[in-house]
Structures are given as C-alpha cells and as structure tokens.
Amino acid sequence: MNYVPGTASLIDDIDKKHLVLLRDGRTLIGFLRSIDQFANLVFHQTVERIHVGKKFGDIPRGIFIVRGENVVLLGEMDMDKPCDTVLQQVSIEEILEEQRLQQQAKQETEKVKMQVLKDRGLSIPKADNLDEY
C-alpha cells in the first residue's frame, strides 16, 4: 500500500460506511460519497446518532455535507463485525426528551457552579463575550 498525503488518502474509503464526530459534539453515520481538497465530506443515507446514558437514537438526515474544518474524528465502520453493544436503541422522541433532560441538568449544574464562584468573588466570562477580545 502506497502512502498518499492529505485528503487523497480517503479515496479508498469512498462508498464505505463511516462514523464522523463533529466539533459541536454531534455524531453522524453514513456512506462517504465524495471528498475534496479541503476535506469537505458528502455522506449519503446519513443518520445523526444521539447517545444519552445507555440509550441511543438515530435521526435520519439523508444527504449530509460536512465542512472539513468541523471534523474531529472520521472512522470506517466494520459492517461484517457483529454488534455486541450494551446500548439500547429507543425512538427519536424518547431520545430527544432524554437529551433535553440531560441538557437541563447540565445547565442547572453550571448555574450552581457559577453562583459558588460568584459567592467567592470570582467570575468566568461567558463564551459569547470572549469574541470581543
């Protein structure tokens, strides 16, 4: 096998099923159909997989274009290997509700942390304020 630098090394992976982890934390699973010199990716029959605890749900997204700078991890999925996962697949509605509850709990925890820091005379700038500097 010859080494091919850059995104050209992905040419052999076209038409194979891949899992992509994006910068915003989303996980996509689909068939890689196209790439370019900027590592922009086009996926077909894409699903967005949401994990909450030991449950997961897949939201069909169809054709999905991913800008190369947003890719954190890209890996080929082995379709021949049997799935021996302990995760339970649930409906879209159920996983979205679980995700909403998880996000609410996380926000409440952050509020408590911020209040404790404020009580001690410390403050952390909000993420949207950091762009000004």
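The protein appears in an unreviewed UniProt entry as U6 snRNA-associated Sm-like protein LSm1 from Muraenolepis orangiensis. In the Subunit (unreviewed entry) part of its UniProt record, the protein is described as follows: "Interacts with SLBP; interaction with SLBP occurs when histone mRNA is being rapidly degraded during the S phase. LSm subunits form a heteromer with a donut shape." UniProt, in the comment section headed Sequence similarities (unreviewed entry), describes the protein in these words: "Belongs to the snRNP Sm proteins family."

## Comments concerning the pairing of strand β1 (residues 17–22)
Side chains of β1 alternate between two faces, with His18, Val20 and Leu22 buried and Lys17, Leu19 and Leu21 left unburied. Judged from the five bridges that link them, β1 and strand β2 (residues 27–35) form a sheet pairing that is antiparallel. Bridging from a neighbouring strand, Leu21 pairs with Thr27 of β2. In this antiparallel pair of consecutive strands, β1 and β2, the connection spans four residues, and Gly25 shows a positive phi of 95°.

## Observations regarding the nonpolar core
In this structure, Leu10, Val20, Leu22, Leu28, Leu32, Ile35, Leu41, Phe43, Phe64 and Val66 together form the largest nonpolar core, which totals 10 residues. For this core, the elements supplying multiple residues, two or more each, are β1, β2, β3 (41–52) and β4 (55–66). The element contributing the most residues to this core is β2, with three residues. Here Val20 is in contact with Arg26, Thr27, Leu28, Phe43, Val71, Leu73 and Leu74, once residues within four sequence places are set aside. Counting five residues, the second-largest nonpolar core is a separate cluster that includes Ile50, Ile59, Val90 and Ile95.

## Some points on the layout of surface pockets
Empty space among the atoms becomes apparent when a probe as large as a water molecule is rolled across them. What the largest pocket holds in volume is close to 430 Å³. Arg49, Met77, Asp78, Lys81 and Cys83 are the residues nearest the centre of the largest pocket, which is lined by 17 residues in total. Taken together, the elements giving at least two residues each to the lining of the largest pocket come down to β3 and β4. Taken as a whole, the second largest pocket spans an internal volume of roughly 190 Å³. As for the second largest pocket, its lining consists of Asp24, Gly25, Arg26, Thr27, Glu48, Arg49, Ile50, His51, Val52, Gln99, Gln102 and Gln103. Per-element tally for the lining of the second largest pocket: the top contributor is β3, with five residues. Here the residues of the lining of the second largest pocket are counted per class, giving two nonpolar, six polar and four charged.

What counts as what
Residues numbered from 1 in each chain as written. Predicted model: local features only at pLDDT ≥ 70, side-chain atom pairs only at ≥ 80, totals over all residues. Heavy atoms only, no water. UniProt positions renumbered as here; feature names shortened; annotations may be inferred. Buried < 20%, exposed > 50% of the residue type's maximum accessible area, 1.4 Å probe, protein only. Helix = DSSP H or I, 4+ residues; strand = E, 2+ residues; numbered from the N terminus. Pairing = 2+ DSSP bridges. Core = buried A, V, L, I, M, F, W, Y, C linked by side-chain atoms within 4.5 Å. Contact = heavy atoms within 4.5 Å. 1 Å grid on protein atoms, 1.4 Å probe; cavity = no way out; pocket = protein on both sides within 12 Å on 5 of 7 lines; lining within 4 Å. Points joined across faces, edges and corners; volume = space filled by probe spheres on them. Nonpolar A, V, L, I, M, F, W, Y, C, P; charged D, E, K, R; others polar.

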